[in-house]
Amino acid sequence: QVQVVESGGGLVQPGGSLTLSCAASGTIFVVGVMGWYRQAPGKQRELVATIFSTGTTNYADSVKGRFTISRDNTKNTIYLQMSSLKPEDTAVYYCNVDGKESFYSPYNDYWGQGTQVTVSS
């Protein structure tokens, strides 16, 4: 079984910064792409940023230049450094892990429980 745990959410003022962390643990044979998604009230979940084990990254246009995703492959952990935060960044942020539990198993998607980020004065 694979567990995905996010941390680092909270309340921050507009223009402020916050860093989220996500760690995957348990029975993991290999981890592929990892990423952050977010869901604001009344809206669909959307991609924020993804990162491959090679370090290749992808960002939503709305966060480019403000957010930075990074990864520590030795710890199966990713981070999301968020700066110049705006009220519209308010959402529950979810971590997604694409991984295999054994050599013979298929890749599966694993999600964390989410962490709330609120940008407000």
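Located above this text is the structure these notes cover.
Predicted, not measured: the structure shown is a model, and the values here were computed from it.

Reading the values: rules and limits
Residues numbered from 1 in each chain as written. Predicted model: local features only at pLDDT ≥ 70, side-chain atom pairs only at ≥ 80, totals over all residues. Heavy atoms only, no water. Disulfide = S-S within 2.5 Å. Helix = DSSP H or I, 4+ residues; strand = E, 2+ residues; numbered from the N terminus. Buried < 20%, exposed > 50% of the residue type's maximum accessible area, 1.4 Å probe, protein only. Polar contact = N/O pair within 3.5 Å; in protein donor to acceptor, adjacent residues only side chain to side chain. Contact = heavy atoms within 4.5 Å. Core = buried A, V, L, I, M, F, W, Y, C linked by side-chain atoms within 4.5 Å. 1 Å grid on protein atoms, 1.4 Å probe; cavity = no way out; pocket = protein on both sides within 12 Å on 5 of 7 lines; lining within 4 Å. Points joined across faces, edges and corners; volume = space filled by probe spheres on them. Nonpolar A, V, L, I, M, F, W, Y, C, P; charged D, E, K, R; others polar. Salt bridge = Lys/Arg side-chain N within 4 Å of Asp/Glu carboxyl O. Patch = residues over 30% accessible without salt bridge, like charges linked within 9 Å, V, L, I, M, F, W, Y side chains within 5 Å. Areas by Shrake-Rupley, 256 points an atom, 1.4 Å probe, with all protein chains shown as cover.

Chemist: Sorry, what's going on with the state of the cysteines here?
Modeler: Put plainly, a disulfide is one covalent bond tying together the sulfur atoms of two cysteines. Counted under the stated rule, the structure contains one disulfide. Across the disulfide from Cys22 sits Cys95; the S-S distance is 1.9 Å. Where Cys22 bonds to Cys95 through sulfur, the torsion about that S-S bond is close to -75°, and the disulfide is left-handed. In this pair, Cys22 is assigned in strand β3 (residues 18–26) and Cys95 in strand β9 (residues 91–100), connecting sequence segments 73 residues apart. Take Cys22 and Cys95: they sit in the same class, and that class is buried.

Chemist: Explanation requested: the side chain of Arg71 in the structure shown.
Modeler: Turning to its location among the elements, Arg71 is positioned in strand β7 (residues 67–72). Looking at Arg71, its side chain comes within polar contact range of the main-chain oxygen of Val31, at 3.3 Å. Here the side chain of Arg71 touches Ile51 through a polar contact of 3.0 Å, landing on its backbone oxygen. Those residues within four positions of Arg71 in sequence are excluded, and the remaining contacts are Val31, Gly32, Val33, Met34, Ile51, Phe52, Ser53, Thr77 and Ile78.

Chemist: How should the nonpolar core be read in this particular structure?
Modeler: Side chains of a nonpolar character, in soluble globular proteins, are inclined to be buried together. Of all hydrophobic cores here, the largest spans 29 residues; its most connected members are Trp36, Leu80, Met82 and Tyr93. Elements with a minimum of two residues in this core: β1 (2–7), β3, β4 (30–39), β5 (46–51), β7, β8 (77–82), β9 and β11 (115–119).

Chemist: Help me understand the layout of surface pockets, please; the structure alone is not making it clear to me.
Modeler: Where empty space is left becomes clear once a probe the size of a water molecule has been rolled over the atoms. Considering only enclosed or pocket space, the largest pocket measures out at about 180 Å³ in volume. Lining the largest pocket we find Arg38, Gln39, Ala40, Lys43, Gln44, Arg45, Glu46, Ser62, Glu88, Thr90 and Ala91. Within the lining of the largest pocket, the residues separate by chemical class into two nonpolar, four polar and five charged.

Chemist: Could you clarify how one ought to interpret the pattern of salt bridges in this entry?
Modeler: Charged atoms that come close allow side chains of opposite charge to pair. Applying the stated criterion to the full structure yields four salt bridges. With a shortest N-O distance of 3.0 Å, Asp89 and Arg38 are connected by a salt bridge. Residue Asp89 is located in the loop between β8 and β9, and its partner Arg38 is located in strand β4; the two are separated by 51 residues in the primary sequence. For the pair formed by Asp89 and Arg38, the shared burial category is buried. With its nearest N and O atoms 3.1 Å apart, the salt bridge here joins Lys64 to Asp61. Look at Asp61 and you get exposed, because its relative accessible area is 65%. A cluster of three or more residues bridged by salt bridges with shared partners is formed by Arg38, Glu46, Arg66 and Asp89.

Chemist: Would you take a moment to explain the environment of Ala60 for this structure?
Modeler: Along the polypeptide, Ala60 turns up in the loop between β6 (57–59) and β7. Under the relative-accessibility criterion, Ala60 is labelled buried at 16%. Between the C-alpha atom of Ala60 and that of Tyr37, which follows or precedes it by 23 residues, the distance is 9.8 Å.

Chemist: What's the story with a nonpolar patch on the surface in this structure? I'm lost.
Modeler: Among the surface-exposed residues, Phe29, Phe103 and Tyr104 lie close enough to one another that they form a single nonpolar patch of about 450 Å² accessible area. Here Phe103 is to be found in the loop between β9 and β10 (108–111).

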